Every structure is written in C-alpha cells, then in structure tokens.
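# Chain and residue survey
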Amino acid sequence: MKVYKAFCSFEMRRASRRSMSTKIWHIILLLVFLFFPKRYKAITLLYAWFRVVDDVIDEELEMPTGYDVYSYIQQKQSLIDGKGTNLLKEDIMYLSALQILSQKDINLNQEIKDLLLAMKKEYFSKGKFVKRAEFESKILLQDRAVLTMLVKVHSNNYGPLDPILFDFFTRVDALMDIEEDIKRGVINIPLEDAISMGINIYKPLSFEILTRNKKFREWYIREVDRAIIKSIKIHQIMKERQEFFLLKIVFDILGIKNRLEALKKSPFLFLIKEY
C-alpha cells in the first residue's frame, strides 16, 4: 500500500505542474500502474522514480535535508549498485520495482545504470555546448535503455531493435521542450551547430536572443522536419512489434506527429528582428 500511495502522490504532484497534454501522459501512467500486469507496474515505478530524481536535481522538488546535488546523485548511484543503506522516501518505488522484476526473472540492471548515467551527463553538462558525438551518445544511451526496458518487460525473447528507434524519442523531447530546457541550463544544440549559427559559446545562452538568430530558426525547422519523417517509420515499427503496444498507445494519444507539425508554427520561428 505504501508504494501505491508514494507513486500516486509523486505522479499527481508532478502532473499539477505540467500542461494539459502532459497531464494526459500522467493519467496514462496511473492507468497502467493500477490496471496492467505487475511487470508493467515495475516499469511505471521505475519511470516515476527517475522522474523524482530528475526533478530534485533540477530543483523542481526540494532537495532532501542533508543532501546537495552531488551527494544526492551519489546516493542514487549507491542504491543502483546495491550498496545503498540510506534510503529516501522515493526509493520505495525503485525497490518495489526491483522486487517485481526479480519475481518475473527480468533483469534491467544495465538499463537502469545507463539511464542514471545519461541523467548525470545532462546535469554535469548544464550551461555548456557539447560536441555532436557526445550529444548523440547521450541520446543513444537514453533511448536504447528505455526501449530495451520495454521489450524485456514484454518478453524475454525479443529480436534486435532498429537503430532508428534510438535517435528519435529523446531528440523529439528536446525539440518540444527547447525553450524550457535552455532556461534551466540544458543545451540540446551540438557545439558544431552552435558555432555554424554564430552563437557565442562562451556566454550564457538566452532563448530570447537565440530565437532572433535566423540560422537557429532554420536549424530548428530542419530538425523538426527530420523528426516528422522519422515519426512515420517509428509508427510503423510500433505497429509491427507487439512489445511496443504501450508506446504506440502513448504515441497515438499524444499525437506526436501532429505535435511535431505544430512546432513549425511556433511564434519564435517567425520573428523578424535579428541581432
């Protein structure tokens, strides 16, 4: 019962701070948690746990007493490594997920480690432009971990995943949240692209100034167009692979392709004044 209360509490609090479309996502998570088989409860518990960790690191949730960002991240790393003895209130979700996965003989240890590593990479690169190779490796790490989790939870016998899947979801999220991300110091523009846009990489990045950069707006539209083209292929893959039925439901309900199309109508793409 404690884990149910913890999950619902964290999810409802997070949903209250988000837009309506994101609230729909949280409603889907609650339905999966309450009504789907236990193995899917484990996935939703892990997702919720990672979201809490992310929100604490990003200062959207209060840092636990006695911790700073570095010690908080280390506490999570120790927990994942099986060495953690000091537990925080959100950790009941992580431990409950592991218990369910163990009962089902599902091992997600590597994927969990990869997700925390991706989260650490993002935090320690805040306010910085990173080279394309490093930028791409973080996307690959995160998408591969999440998608591998989904197929492992569905069945222990799964085929290889199309590499196109590992270059879509995190990138789309970055495009949709680019304004919010930049304001909190997360820069999802490769260093090489920033230089070609004439951005001063040694100064703090301002979204307001960035949107007055014609080359940035051209880059953004190109990235959205690429994502739209990939979304068609991704949707077909999800239709063909039963392991992704849950992902397809989310994809369809949230209207990912339509939301990508809507990004091309963003007000900041049509600003006239440039610096």
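Attention in this report is confined to the structure presented alongside it. Position labels on residues start from 1 in each chain and follow its written sequence. Selection of residues for local features in this predicted model requires a pLDDT of at least 70, selection of side-chain atom pairs for listing and counting requires 80 or more, and totals for whole chains, interfaces and linings are taken over all residues. The side-chain values count all of the structure's non-hydrogen atoms but skip hydrogen atoms and water molecules.

The secondary structure listing takes helices from DSSP runs of H or I that are at least 4 residues long and strands from runs of E that are at least 2 residues long, numbered from the N terminus. Looking only at helices and strands, the protein chain features 14 helices and zero strands. For the protein chain, the sequential pattern of α-helices and β-strands runs α-α-α-α-α-α-α-α-α-α-α-α-α-α. Any pair of residues with heavy atoms lying within 4.5 Å of one another is described as a contacting pair. A sequence separation of at least 24 residues applies to 71% of the contacts in the protein chain between residues at least 6 apart. Only the protein chains shown count as covering a residue, and every accessible area follows the Shrake-Rupley method with a 1.4 Å probe. Summing over all exposed atoms, the protein chain offers an accessible surface of approximately 14500 Å²; the carbon and sulfur share of this is 56%.

The subject of this paragraph is the packing of helix 3 (residues 38-57) against helix 4 (residues 69-80). Axis separation between helix 3 and helix 4 bottoms out at 10 Å; the angle between their running directions is 160 degrees. When the interaxial angle is binned, helix 3 and helix 4 end up roughly antiparallel. For helix 3 against helix 4, the interelement crossing comes out left-handed. Residues Trp49, Val52, Val53, Val56 and Ile57 of helix 3 pack against Val69, Tyr72, Ile73, Lys76, Leu79 and Ile80 of helix 4. Each residue is assigned to one of three groups, with Ala, Val, Leu, Ile, Met, Phe, Trp, Tyr, Cys and Pro labelled nonpolar, Asp, Glu, Lys and Arg labelled charged, and all others, Gly among them, labelled polar. Considered class by class, the residues forming the contact of helix 3 with helix 4 number ten nonpolar, no polar and one charged. Here, axes are lines fitted to C-alpha atoms. For helices the fit covers the stretch in contact, and angles between N-to-C directions go from 0 to 180 degrees. Roughly parallel covers angles under 35 degrees, roughly antiparallel covers those over 145, roughly perpendicular covers 65 to 115, and oblique covers all other angles. Working rule for handedness: look at the near helix, and if it is turned counterclockwise from the far one by less than a right angle, call the crossing left-handed; if clockwise, right-handed.

This next bit is on the packing of aromatic side chains. Between rings of Phe, Tyr and Trp, where Trp is taken as its six-membered ring, a pair exists when centres lie within 6.5 Å; planes separated by under 30 degrees are stacked, by over 60 edge-to-face, and by other angles tilted. Counted under the stated rule, the structure contains 14 aromatic pairs. Plain terms: the ring middles of Phe216 and Tyr220 are 6.0 Å apart, the flat faces sit at 45 degrees to each other, and that makes the pair tilted. Note that Phe216 and Tyr220 are positioned in helix 12 (residues 214-240) at a spacing of four residues, about one turn of the helix. Accessibility expressed as a relative area gives 0% for Phe216, which makes it buried. Accessibility here uses a 1.4 Å probe with only protein chains present; expressed as a share of the type maximum, an area under 20% marks a residue as buried, one over 50% as exposed, and anything in between as partly exposed. According to the relative accessible area criterion, Tyr220 is buried, its value standing at 1%. One aromatic cluster is present, formed by Phe207, Phe216, Trp219, Tyr220 and Phe268 through successive ring pairs.

This next bit is on the pattern of salt bridges. Should a side-chain nitrogen of Lys or Arg be within 4 Å of a carboxyl oxygen of Asp or Glu, the pair is scored as a salt bridge. Counted according to the given criterion, the structure contains 21 salt bridges. Across the pair Asp58 and Arg184 runs a salt bridge, and its minimum N-O distance is 2.6 Å. With Asp58 in the loop between helix 3 and helix 4 and Arg184 in the loop between helix 9 (178-183) and helix 10 (191-196), this pair connects stretches of sequence that are 126 residues apart. The partner of Asp225 in a salt bridge is Lys264, with the nearest N and O atoms 2.8 Å apart. One end of the pair, Asp225, is in helix 12; the other, Lys264, is in the segment after helix 14 (256-263), with 39 residues separating them in the sequence. When its relative accessible area of 28% is taken as the criterion, Asp225 is described as partly exposed.

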